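The residues making up each chain are set out below.
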Amino acid sequence: MDKSSCEITFKLGSAATVPGEAVLVVGSHHAFGNWDPQSGLRMTTDEKSYPVWSVKLKVPEAVGALEFKYVIDRQINGEGFCWEEGENRRLRFQPGAWLQQDTAFGCPGSKFTEDPRTATPAAPLPPAGERVVQSQHLASPVDELATTTEGSDAPPEEKSMASEPHLRNVPSAVSVLQGNTMQRLASLSAFDTLVDDAEEMAALRAQMEEEAAKLEDRPVRYGARHLSTPIVIVSSEMHPWSKTGGLAMIAGSYGYEFAFRGHRTMAISPMYDEYADCRCIGSKAIELCGGWHEVRYLLHRKVYGHGKVCDYIFVDHPCYRHAEGIYGPPGGEYTDNLFRFALFSLAAAEAPLILEIDGSTYGQDVLFICNDWQTGILPVYLLYKYKLHNTYTNARSWMVIHNIAYQGKYSKEAFPVDSFLGLPRRLAGDDLQGEDMHLGPDCINLLAGGIRTADRVLTVSPNYAVEVCSPEGGNGLHEILQRRGAELRLAGVLNGISDEWNPATDPKIPRNYRLADVEEGKRICKAALQQELGLDVDPNACLIGFCGRLCYQKGLTLINASIDWMMNGQPNRCQLIIMGKGEPNLAGQVADAERRYKGRICGYVGFDPCVERRMMAGCDLLLMPSQFEPCGLPQMYAQMYGTLPVVHETGGLKDSVKGLWDDSHINVATGFLFTGFEEGSLKHALYTALNTFNHRKDVFRTMQSNAMRESFYWPTAMDEYEKHVDWTMESWASRKPESWWSNHG
């Protein structure tokens, strides 16, 4: 390379694009189009690199300073060019080869004028010797775009176009390929790298039970009557192999917990990738969509000791090896999702009958636990494809609703119940009938089918079971759920948390502590957290934390609207940590607040499970002002660490946090609740919390003790699940398969 020339590589991490769009570098040099996007430098990406875009450019002479912007080319969608907002980026060209690395598209600030060259001048240039430039949304540490999940490195098949967006069967969250792995930013806390080693899990449980044995008020475990009933867990995601959010974590926990209780346990999920330590134990040709499709079953056994085992079964078929994630490309879903999950449900129904494991099959007298809409058709198949022909006569099924917003809606005309799904239309048609504002009555609703035909319907918290029966919370299914409630076949069970969320044993926090030394332990953890995240080390400031998606549903609009009041408008000293990713405008507001309140606010873009644990140990308060929250886990983690939650009274937050409504609740209160999803209500709860921390130390300490004495671990939740196992197996099947008139007459 000529000594006076430059070779620069631009790299931009941007998930703000969809297939067909492109990213350009446009700037004040002819190599970048002289601010003309039509002539800009076009960046590239691929399946393995996305969402990182890159381009390399050699400039024959050093050109000094350069201003530029990243621009998204959305002409394919008829939207033209999308310029970054705010100040121009700026760099200094120097002789040699070097890297311009930027972590996100778009900077906070005012919009461009028509001519981008008239934008506000950029910040001062970096020092002449600096070779790597980091552009960040927030000034604090930047994590990866999202924590990875298991994905596919198989050759990409023909891409499926996204389905109509109005169907809303999958969350509109970040869903991208990074390297060979799929990521969907859904529930940040769910991406924590939980322990999945069988021996370590068993050791943690033994340690926890040993500690519990020392308590005077140790709870008496429920004496389950049907431990001989095999449990078959069916889920489209399974931790640690595949996950996009909390569903995977809960399904994985079911596998461990039911096995640990003594059930013979099978957990079934699609095989989205080549998983280690799996062996093929069978195959089956399944009739669907007018043809026969062979699936393979692969087994991974986890032995937890003392004869307690979970058989993880993965259903393998080419339709599960799509290259763009579990459910679809960014902003949409695969057009063959109905086929994929109907095939999966049929394969799951066959597994207990045909797979010989450890010398025998699971047999017919099992309990199926179906999770969310992806498995909603399984209870329908059990009723009309199996029980109708005297198979699974004594089997029962649960339909577990983790989030009722996503229901699996498809056109009945495009996917006929009989010729496509292989069900008797006259019998099953009404059970699968749904309604959609775009499809109208021409709608199959998989979740509705599961709710109607399962023997019991469960939600992930008791209060969520109440909310889904209301027009506001039922997303169109409230009347069906009200009927199931009237039949005494609807309930809610608050999910548990993993054994490792324990401040006495957590290896990720600066100092372990128990209830006896919580004050000293939290003091040390708080000072370390403040120092680590660039906050003033102030033991007397109330340290408030938030960890979650930066979006409306998680209450970020309420938090951002309250920041100035928190910092200046109320008399109590406080600091704020916000960790998460999400909507750029909300992230920009947090970044602006961090700049204005340096040393008092930290905005941490991204997600780091170690930082989350340190927040639980070091913060005094945890904010969860969610608009709705079916269960929620961070508020339970926080209480175990003596951090008091400030939460909106909804879903699982209402079930798991006992509010300090007045002084008569001091001896039971574990946090601060507010009713009404509005700024004023949040401020009122925050003022009470801050005033309690600063001026009623004895009350605050009592509440911390109350919180740490709560038991949100899985053994408590499993007592409730075992009760429902007994009630389900001892009750008549909720539906008869003989004829339509048996169930609708």
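Cut-offs applied
- Residues numbered from 1 in each chain as written.
- Predicted model: local features only at pLDDT ≥ 70, side-chain atom pairs only at ≥ 80, totals over all residues.
- Heavy atoms only, no water.
- Salt bridge = Lys/Arg side-chain N within 4 Å of Asp/Glu carboxyl O.
- Helix = DSSP H or I, 4+ residues; strand = E, 2+ residues; numbered from the N terminus.
- Buried < 20%, exposed > 50% of the residue type's maximum accessible area, 1.4 Å probe, protein only.
- Arc of directions from axis to C-beta.
- Contact = heavy atoms within 4.5 Å.
- Core = buried A, V, L, I, M, F, W, Y, C linked by side-chain atoms within 4.5 Å.
- Pairing = 2+ DSSP bridges.
- Axes fitted to C-alpha atoms, helices over the stretch in contact; angles between N-to-C directions.
- pLDDT = per-residue confidence, 0-100.
- Parallel < 35°, antiparallel > 145°, perpendicular 65-115°, else oblique.
- Nonpolar A, V, L, I, M, F, W, Y, C, P; charged D, E, K, R; others polar.
- Phe/Tyr/Trp six-rings, centres within 6.5 Å; stacked < 30°, edge-to-face > 60°.
- Lys NZ or Arg CZ within 6 Å of the ring centre and 35° of its normal.

### Observations concerning the pattern of salt bridges
Moving on, step 1. In the structure shown here, the tally under the stated rule is 29 salt bridges.
Moving on, step 2. Put simply, Arg-321 and Glu-274 hold a salt bridge, and the shortest N to O gap is 3.0 Å. Placement of the pair is Arg-321 in the loop between β16 (309–316) and α3 (337–354) and Glu-274 in the loop between β13 (265–270) and β14 (279–288), with a sequence separation of 47 residues.
Moving on, step 3. What makes Glu-274 exposed here is its relative accessible area of 54%.
Moving on, step 4. Lys-554 serves as the salt-bridge partner of Glu-629, at 3.0 Å between the closest nitrogen and oxygen. You can see Glu-629 sitting in the loop between β26 (621–624) and α13 (634–640) and its partner Lys-554 sitting in the loop between β23 (542–547) and α10 (556–569), a full 75 residues away along the chain.
Moving on, step 5. Among the residues examined, Lys-554 registers a relative accessible area of 12% and is labelled buried.
Moving on, step 6. Salt bridges sharing partners connect three or more residues here, namely Glu-274, Arg-296, Asp-316 and Arg-321.

### Considering helix α8 (residues 478–486)
Moving on, step 1. Within the span of α8, buried status applies to His-478, Ile-480, Leu-481 and Arg-484. The arc enclosing the buried residues of α8, seen along the axis, measures out at 160°, which places them on a common side.
Moving on, step 2. Next to the buried residues of α8 lie β18 (396–401), α6 (446–453), β21 (456–459) and β22 (490–492).
Moving on, step 3. Looking at the residues trailing α8, positive phi occurs at Leu-488, about 60°.

### Considering the nonpolar core
Moving on, step 1. Within the largest apolar cluster, 129 residues are counted, with the highest numbers of intra-cluster contacts made by Phe-258, Leu-421, Leu-423, Leu-481 and Tyr-721.
Moving on, step 2. Element by element, the count of residues in this core is highest for α3, at 11 residues.
Moving on, step 3. Here Leu-481 is in contact with Ile-401, Ile-404, Ile-451, Val-457, Val-468, Cys-469 and Leu-490, once residues within four sequence places are set aside.
Moving on, step 4. Core analysis: the next-biggest nonpolar cluster, separate from the first, contains 39 residues, Cys-574, Leu-644, Ala-685 and Phe-693 among them.

### Observations concerning the sheet that holds strand β12 (residues 231–234)
One key point about sheets: their strands pair by backbone hydrogen bonds, in either a parallel or an antiparallel sense.
Moving on, step 1. Read across the open sheet, the 9 strands follow the order β14-β15-β16-β13-β12-β17-β18-β21-β22; overall the sheet is mixed. With partners counted over all chains shown, the strands left at the sheet margins are β14 and β22, one partner each. Each strand axis lies, on average, 25° off the axis of its neighbour in the sheet, ignoring direction.
Moving on, step 2. Pairing of β21 with β22, which is carried by 3 bridges, proceeds in the parallel orientation. The partner of Thr-459 across the bridge, within β22, is Gly-492.

### Topic: unusual backbone geometry
Moving on, step 1. Cis rather than trans, the peptide bond between His-239 and Pro-240 has omega equal to 10°.
Moving on, step 2. Topologically, Pro-240 is positioned in the loop between β12 and α2 (246–261).
Moving on, step 3. With a phi close to 55°, Cys-289 is a non-glycine residue in the positive phi region.
Moving on, step 4. With respect to the secondary-structure elements, Cys-289 resides in the loop between β14 and β15 (291–303).
Moving on, step 5. Accessibility expressed as a relative area gives 38% for Cys-289, which makes it partly exposed.
Moving on, step 6. Even without a glycine there, the phi angle at Asn-475 is positive, about 50°.
Moving on, step 7. Here Asn-475 falls in the partly exposed class, since its relative accessible area comes to 38%.

### Here's the deal with the confidence of the model for the chain
Moving on, step 1. Scored by pLDDT, the chain comes out at a mean of 82, with 80% of its residues at no less than 70.
Moving on, step 2. Overall, residues 107–166 carries pLDDT values under 50, and its contacts beyond four positions in sequence, including any with other chains, amount to 156 contacts.
Moving on, step 3. The low-confidence segment residues 172–193 (pLDDT under 50) makes 101 contacts with residues lying over four places distant or belonging to another chain.

### Looking at the sheet that holds strand β27 (residues 644–648)
Moving on, step 1. With parallel pairing, the 6 strands of this open sheet are ordered in space as β25-β24-β23-β26-β27-β28. Strand pairing shows two members of the sheet lacking a second neighbour, β25 (601–605) and β28 (672–674), which therefore form its edges. The average angle at which neighbouring strand axes cross in this sheet is 15°, direction not considered.
Moving on, step 2. Contacts between helix α15 (residues 679–695) and the sheet are confined to β23, β24 (574–580), β26, β27 and β28, with β28 contributing the most and set at about 165° to the helix.
Moving on, step 3. Taken strand by strand, helix α16 (residues 697–709) contacts β26, β27 and β28, and its axis lies near 85° from that of β27.

### Comments concerning the packing of α15 against α16
Moving on, step 1. Viewed as axis vectors pointing N to C, α15 and α16 meet at an angle of 110°, and their least axial separation amounts to 5 Å. Between α15 and α16, the angle is such that the two are roughly perpendicular. Residues Ala-689, Thr-692, Phe-693, Asn-694 and His-695 of α15 form the contact with α16, whose own contacting residues are Lys-697, Val-699 and Phe-700.
Moving on, step 2. Its residues placed into classes, the contact of α15 with α16 shows 4 nonpolar, 3 polar and 1 charged.

### A look at the packing of aromatic side chains
Moving on, step 1. Within the structure shown, the criterion is met by 26 aromatic pairs.
Moving on, step 2. Ring geometry for Phe-341 and Trp-373: centres 5.6 Å apart, planes at 80°, overall edge-to-face. Pair noted here: Phe-341 is in helix α3 and Trp-373 is in the loop between β17 (367–371) and α4 (378–386), with a separation of 32 residues, a long-range link.
Moving on, step 3. Given the relative accessible area of 1%, Trp-373 is considered buried.
Moving on, step 4. Here the aromatic rings of Phe-415 and Phe-420 are separated by 5.0 Å at their centres, their planes lie at 70°, and the arrangement is edge-to-face. An identical accessibility class is assigned to Phe-415 and Phe-420; each is buried.
Moving on, step 5. Members of the aromatic cluster, joined through ring pairs, are Tyr-327, Phe-341, Trp-373, Tyr-410, Phe-415 and Phe-420.
Moving on, step 6. Looking at Arg-264, its charged tip hangs above the ring of Tyr-362, at a distance of 4.1 Å from the centre.
Moving on, step 7. Above the face of the Phe-693 ring, Lys-697 is positioned so that its terminal group lies 3.9 Å from the ring centre.

### Side note on the pairing of β14
Moving on, step 1. Sheet topology places β14 next to β15; 9 bridges connect them, and they run antiparallel. Within β15, the position partnered with Cys-280 by the bridge is Leu-298.
Moving on, step 2. The antiparallel hairpin formed by β14 and β15 contains 2 residues in its connecting segment, where Cys-289 sits at a positive phi of about 55°.

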